[in-house]
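# Coordinate analysis (summary)
Below, each chain spelled out in residue letters.
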Amino acid sequence: MRKITSGGGWPAVFYTFRKAREMGGVFKLWQAMRSKNACKTCALGMGGQKGGMVNEVGSFPEVCKKSLQAMAADLQAGIKPEFWQKYSLPQLKSLSPRELEHCGRLVEPVVHKAGASHYTPITWEEAFTRIAEKLKELSADETFWYFSGRSSNEAGFLLQLFARIYGTNNVNNCSFYCHQASGVGLASVLGTGTATLMLEDVEHADCLFLIGGNPASNHPRLMSTLKHIRRNGGEVIVINPVIETGLVNFSVPSDPWSLMFGTKIASLYVQPQIGGDLALLTGIAKKIVEMGKHDIPFLTAHCDGWPQYQEHLANTAWSEICEKSGIGIDEITAMAKRYAKSKHTVFAWTMGITHHAHGVENVEAIANLALLRGMVGRPHAGLMPIRGHSNIQGIGTVGVTPKLKDAIFERLQSTFQIKLPTTPGRDTLACMEGAMSRELKFGLCLGGNLYGSNPDAAYAGKSLAQLDQLVYLSTTLNTGHAHGLARETIILPVLARDEEPEPTTQESMFNYVRLSDGGPARHAGPMSEIHVVAEIADRVLKQSGPIVWQEMKSAQTIRETLAKVIPGLESVATIAQTKAEFQIPGRTFHTPTFPTPSGRAQLRTHELPTLAGAPGEYRLMTLRSEGQFNTVVYEDFDLYRNIDRRDVILMHPDDLQLAGLFEDQRVIVKSTTGEMQGIRIRAFKNVRPGNVVMYYPEANILVPRTVDPRSKTPAFKAIPVTVKAM
Ligand code: SF4
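Along each chain, the written sequence defines residue order, and numbers are assigned to residues from 1. Per-residue local features of the predicted model are confined to residues with pLDDT of at least 70, and side-chain atom pairs are confined, for both listing and counting, to 80 or more; whole-chain, interface and lining totals are unaffected and use all residues. Only heavy atoms go into the side-chain values, all of them from the structure, while hydrogens and water stay out.

Our focus in this paragraph is unusual backbone geometry. Here the amide bond leading from Phe60 into Pro61 is cis, since omega sits at -5°, within 30 degrees of zero. Each helix is a run of H or I in the DSSP string that is no shorter than four residues. Each strand is a run of E no shorter than two, and both are numbered from the N terminus. Considering the arrangement of structural elements, one finds Pro61 in the loop between helix H2 (26-34) and helix H3 (65-74). Cis rather than trans, the peptide bond between Tyr696 and Pro697 has omega equal to 10°. Of note, Pro697 is situated in the loop between strand S29 (691-695) and strand S30 (717-725). Look at His380: it is not a glycine, yet its phi comes out positive at around 65°. Note on placement: His380 falls in the loop between helix H21 (359-372) and strand S13 (382-385). Although it is not a glycine, Asn642 adopts a positive phi angle of roughly 55°. Considering the arrangement of structural elements, one finds Asn642 in the loop between strand S25 (632-633) and strand S26 (648-651). We classify Asn642 as partly exposed; its relative accessible area is 28%. Exposed residues in this analysis have more than 50% of their type's maximum accessible area, buried residues have under 20%, and partly exposed residues fall in between, with area computed by a 1.4 Å probe over protein chains only.

Written as structure tokens, this is what we have:
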């Protein structure tokens, strides 16, 4: 395969046609992509009532390989009954994430009893009976409810409502393993946990810091926005331990000039050591103040804690900053100078920031740096956590968290005249620990891949195996269905977003609520997530106060409830009729008054963490390839890094020379948590010496269960490992 030197481009165009052929032709693909449904993949947000492949500023065509891959997965044929006889559990365990994803659509419920060699198809009636009997047998706090960010607001709200009325707050979502630190960090500084701006603001920025992320692979349509910023003479400052091809140059397929000649994305690319972000961000802030480019009127008028922060910056030595970031003062000064010239700066980040034991502090440091020049609370500037799943933010908004916001709690109790549990709820990792200790005996996963997304994969497998019953609501197979099994595991096939019998709603990372029309079911067997949840609730609780669970099979009925109990979602009650998608009020800040007790932003100071790793160790970061989205692997080839397989470790040639290791050599990679044998070396000069890279989720075997104490997010980055020849 010819080495790729730019992201997007003709390879993306050719890939589209290849996928179209696989899916039954360009017309069939076009029809599916143009349907009025929100894109199923990332939270940048496309589609809905503006029409498929249209973004929030009305730009068309906005489509990427990720959305095509997700659509292609849903357009697969159904898994035939004989599949379950043919493939034993050990055979399923031997399949790669990509092979499992490509087995086809789940179309009938199946069950696996511990010790059995195969999954067995069962009827829906039998499935519901098994689940209801187990739930009636257990006490509510012996159960947990895990949500992926792919489900609709309606399904998410309904399931959390059922879980709470059933009697538990063990309700959590996949953001605990990715962006929880963004929510906690932003809330601590600004009193709000989501992006402070809209896509339109980003389009008009003259400087964008892109920190710890690779949207060229994971949010590809954001590249057209970065192209706009560069074309308008703006700066894109990339901070990432890895030089990512698509962040150096990206050919936006929908732009003829960019397609032909490419677009230079990063105007400045800085490679800190893995885990060096907090020190680097503190360094840029210190330099801004030293240059006198901080906005004192803004800081005194709209921020608390400026004197302490100013003193902290003054007292933090450059030697410590440079040592703990791995970046010299010249590069820091270069970044500060470009930032100082900007009138409208946006700070964007992903898991390179949140996947650390100090992830929340990283987010607070980014917010500090923005506030230092008054870049929050005005148009065309602000803070933008680049979120993962297409409705991860919506799932949080509708109450899928261990602790409900007070307003939602009160409104639910008053609306339904019910008493909700007040017992503390467990976050995701605490549920895994509860399963291991047998305090928890039942789990239900609304989409996602709980097993696959967990740190310490060996522990995750053992803990889920302790459960009496584990229920998965899924569209296709994943590693969780093969490795994350309980004493009884039930997989329920559900409809995809564009197969829902009724419209549903989703919320983008810009706080924009879309209406997805749904569409005809592609297979007879699968059920709507909403119907599955309402049926289970009806069988377990029959009638709870005024709630008639069978009536809750109507997405419209759920929306009428959402409008009553979720602040900012009042308009969803009529959205199916009005088709009026909307920005959630009170989430976009174009004026510097913040929902904190004082109405002012809270500047935070932080001790700088020491870089991980002892002599002879490397700092590992796990990351996604261009061919995957979260734990779902669509292609084994990582196009933009030119890496041909996934059982590899990417190491700088200097490190290989020093260690006497070589390309394609098989090695043992070891951490304090686990060991991986037979891993192949790939020389990779785009990572800094001393740092190594492996693929998520396979490398989760090496990831410890160390979490950020405030976000409960595991540190999937900066893991000390050794690499030894076999
Ligand atoms: S960038 Fe994200 S929202 Fe846009 S088409 Fe791609 S996957 Fe969908």
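Still more ground to cover, so stick around.
On the secondary structure map, Ser217 appears in helix H11 (residues 215-218). When its relative accessible area of 2% is taken as the criterion, Ser217 is described as buried. Taking the C-alpha atoms as reference points, Ser217 and Thr194, separated by 23 residues in sequence, lie 22 Å from one another. The contact partners of Ser217, leaving out residues within four places of it in the chain, are Lys66, Glu626 and Tyr640. Whether two residues touch is decided by their heavy atoms; if any such pair falls within 4.5 Å, the residues are in contact.

A separate point is the site of the ligand. Taken together, Cys39, Thr41, Cys42, Leu44, Gly45, Met46, Cys64, Lys66, Ser67, His219, Pro220 and Arg221 make up the full set of residues adjacent to the ligand. Amino acid classes used here: Ala, Val, Leu, Ile, Met, Phe, Trp, Tyr, Cys and Pro are nonpolar; Asp, Glu, Lys and Arg are charged; the rest, including Gly, are polar. Its residues assigned to classes, the shell around the ligand shows six nonpolar, four polar and two charged. The rule for a residue being near a molecule or strand is that one of its heavy atoms must lie within 4 Å of it.

What follows covers the pairing of strand S15 (residues 469-474). Of all the six residues making up S15, six are buried; the element is thus mostly covered by neighbouring parts of the structure. In this analysis, strands are considered paired if DSSP registers two or more bridges between them. With six bridges connecting them, S15 and strand S16 (residues 488-493) associate as parallel partners. Following the sheet pairing, Leu470 is matched in S16 by Thr489.

With that out of the way, let us pick up the environment of Thr41. In this structure, Thr41 sits in the loop between H2 and H3. Under the relative-accessibility criterion, Thr41 is labelled buried at 3%. It is 9.0 Å that separates the C-alpha atoms of Thr41 and Met71, two residues lying 30 residues apart in sequence. Polar contacts involving the side chain of Thr41 include one to the main-chain carbonyl oxygen of Lys66, which spans 3.2 Å. Side-chain atoms alone can form a polar contact between residues adjacent in sequence; in general such a contact is a pair of N or O atoms within 3.5 Å, and within protein one must be able to donate a hydrogen while the other accepts it.

Note that Lys441 resides in the loop between helix H24 (428-436) and strand S14 (442-446). Residue contacts for Lys441: discarding those within four places in its chain leaves Leu138, Glu142, Leu467, Asp468 and Gln469.

The next thing to look at is the sheet that holds strand S1 (residues 7-8). The strand order across the open sheet formed by three strands is S1-S8-S9, and the pairing between neighbours is mixed. Since the sheet does not close on itself, it has two edges, and those belong to S1 and strand S9 (263-264), each with one partner. With two bridges connecting them, strand S8 (residues 249-251) and S9 associate as antiparallel partners. By the bridge assignment for S9, Asn249 is matched with Lys264.

What follows deals with the pairing of S26. With burial as the criterion, each face of S26 is covered, one bearing Val648 and Leu650 and the other bearing Ile649 and Met651. Pairing of S26 with strand S28 (residues 675-683) involves four bridges; the strand directions are parallel. Considered in S28, the bridge of Ile649 is made with Ile681. Direction of pairing for S26 relative to S29: antiparallel, over a ladder of two bridges.

A few words now on the domain arrangement of the protein chain. By a widely used convention, the size of an interface equals the accessible area lost when the partners come together. All the domain ranges listed were derived from an automatic or database domain assignment. Looking at the assigned domains, one finds that the protein chain contains domain 1 (7-74), domain 2 (81-177 + 391-583), domain 3 (180-386) and domain 4 (618-725). Taken residue by residue, the interface counts 13 residues in domain 1 and seven residues in domain 4. Buried area adds together the accessible area that both of two parts lose upon being put together, with accessible area traced by a 1.4 Å probe. Together domain 1 and domain 4 conceal approximately 770 Å² of surface at their shared face, both sides included; 56% is due to carbon and sulfur atoms. When residues of domain 1 are sorted by the area they lose upon contact with domain 4, Lys65, Lys66 and Gln69 head the list and together hold 51% of the total. Throughout this description, the term salt bridge denotes a Lys or Arg side-chain nitrogen within 4 Å of a carboxyl oxygen of Asp or Glu. Counting every contact that joins domain 1 to domain 4 gives one salt bridge. Notably, a salt bridge pairs Lys65 with Glu626, separated by 2.9 Å at the nearest N-O pair. Inspection of the domain 1/domain 4 interface yields five residue pairs in polar contact (both at pLDDT 80 or more).

As for its position among the elements, Asp427 is in the loop between helix H23 (406-416) and H24. The buried charged residue Asp427 lacks any salt bridge partner; its closest oppositely charged side chain belongs to Lys712, at an N-O distance of 5.2 Å. Residue contacts for Asp427: discarding those within four places in its chain leaves Asn172, Phe176, Pro402 and Lys712. Counting rule for charge: Lys and Arg are taken as positive, Asp and Glu as negative, and neither His nor the chain ends is counted.

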